[in-house]
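Structure at a glance
One letter stands for each residue in the lines below.
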Amino acid sequence: MNFLESMKFRHACKVFDENKKISAGEFDFILEAGRLSPSSTGLEQWDFLVVQNEELRQKIREVSWNQVQITSCSHLVVVLAKVKEIKFGSSYVDKMIARRADKEPEMIAARQKFYHDFLLSNFKNDDELTFQWSHEQCMIAATNMMNAAASLGIDSCPIEGFDRHALNEILGLDESEQRVAIVVPFGYRLNPQPIKYRRELSDVVKWIY
């Protein structure tokens, strides 16, 4: 499929065929699309948790409005949003700075100052503000994974209908360090795709000259 064909193919799949599984190579392709996604200031504010354990999936489903996609899909991805690691002074931020090719001391110092000023002035070392920013970046990665899946004829469903605090507890997450951003089941549809309703382009776009 070309890009627009895959966009038309993609929909929030509600019922997956439990007998059809995504191949390892195709799923690696989907994860790679997430890994290569853009992120604000290049901090890659996400981690991907692939949950294949049936018992754990059932627990996730119970705090996610009992949505059947979570247990019927081929692969379940939980996108985790970083909190503690993307605050200035963390070893993670230091590592992200240090990986750059330009190693001159003045360049490193300039990047450190940029991150210090940017992170403190915008997010004030506050967990809630930091999570909100991190969550927004995770949505970019999740979208790219869903579109990559669609290009292979693989379905997905973005899920934010869950009790975030309860889900964080189930996954053993310290909310000051990481939190669930979004849950994305991947697999193959059992039913025909419903009609996709979207506004006309002329209603969506306004040009300013």
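Remember, predicted model here, so these are calculated numbers, not experimental data.

Topic: the nonpolar core
Formed by 21 residues in total, the largest nonpolar core has its most connected members in Ile-30, Val-79 and Phe-186. Within the residue set of this core, elements represented by two or more residues are α2 (24–35), β2 (75–82), α7 (127–151) and β4 (178–187). Broken down by element, the residue count for this core peaks at seven residues, all from α7. Those residues within four positions of Val-79 in sequence are excluded, and the remaining contacts are Trp-46, Asp-47, Phe-48, Cys-138, Ala-142, Met-145, Arg-179, Val-180, Ala-181 and Ile-182.

Examining a nonpolar patch on the surface
Together, Leu-201, Val-204, Val-205, Trp-207 and Tyr-209 give the surface a local cluster of nonpolar side chains, amounting to about 680 Å² of exposed area. Looking at the element boundaries, Trp-207 is found in the segment after α9 (201–204). Exposure remark for Trp-207: the relative accessible area of 67% places this residue in the exposed category.

Describing the packing of aromatic side chains
A full pass over the atoms with the stated rule returns eight aromatic pairs. Ring centres 6.1 Å apart and planes at 75 degrees place the aromatic pair Phe-27 and Phe-186 in the edge-to-face group. Here Phe-27, found in helix α2, pairs with Phe-186, found in strand β4; they are 159 residues apart in sequence, far enough to count as distant. Of the two residues, Phe-27 and Phe-186, neither departs from the other in class, the shared state being buried. Look at Trp-207 and Tyr-209: their rings are 6.0 Å apart centre to centre, the planes differ by 10 degrees, and that puts the pair in the stacked class. One residue, Lys-82, lies across the ring of Tyr-92, its end atom 4.6 Å from the ring centre.

Topic: the pairing of β4
Counting buried positions over the ten residues of β4 gives ten, a clear majority of the element. Relative to β4, β2 runs antiparallel, the two sharing eight bridges. Each residue of the ladder has a partner; that of Leu-76, found in β4, is Pro-185. The pairing of strand β3 (residues 155–156) with β4 spans two bridges and is classified as antiparallel. When the bridges of β4 are listed, Ser-156 appears paired with Phe-186.

Examining the environment of Val-180
The residue Val-180 is located in strand β4 in this model. With a relative accessible area of 0%, Val-180 lands in the buried category.

Some remarks on the UniProt feature "domain: Nitroreductase" (unreviewed entry) in the chain
In the numbering used here, UniProt assigns the "domain: Nitroreductase" (unreviewed entry) feature to residues 8–188. With 48% helix and 14% strand, residues 8–188 has its two end C-alpha atoms placed 16 Å apart.

Considering the sheet that holds strand β1 (residues 46–51)
Each strand in a sheet pairs with another by means of backbone hydrogen bonds, the pair being arranged parallel or else antiparallel. With antiparallel pairing, the four strands of this open sheet are ordered in space as β1-β2-β4-β3. Bordering the open sheet on either side are β1 and β3, each of which pairs with just one other strand.

Criteria and cut-off values
- Residues numbered from 1 in each chain as written.
- Predicted model: local features only at pLDDT ≥ 70, side-chain atom pairs only at ≥ 80, totals over all residues.
- Heavy atoms only, no water.
- Core = buried A, V, L, I, M, F, W, Y, C linked by side-chain atoms within 4.5 Å.
- Buried < 20%, exposed > 50% of the residue type's maximum accessible area, 1.4 Å probe, protein only.
- Helix = DSSP H or I, 4+ residues; strand = E, 2+ residues; numbered from the N terminus.
- Contact = heavy atoms within 4.5 Å.
- Patch = residues over 30% accessible without salt bridge, like charges linked within 9 Å, V, L, I, M, F, W, Y side chains within 5 Å.
- Areas by Shrake-Rupley, 256 points an atom, 1.4 Å probe, with all protein chains shown as cover.
- Salt bridge = Lys/Arg side-chain N within 4 Å of Asp/Glu carboxyl O.
- Phe/Tyr/Trp six-rings, centres within 6.5 Å; stacked < 30°, edge-to-face > 60°.
- Lys NZ or Arg CZ within 6 Å of the ring centre and 35° of its normal.
- Pairing = 2+ DSSP bridges.
- UniProt positions renumbered as here; feature names shortened; annotations may be inferred.

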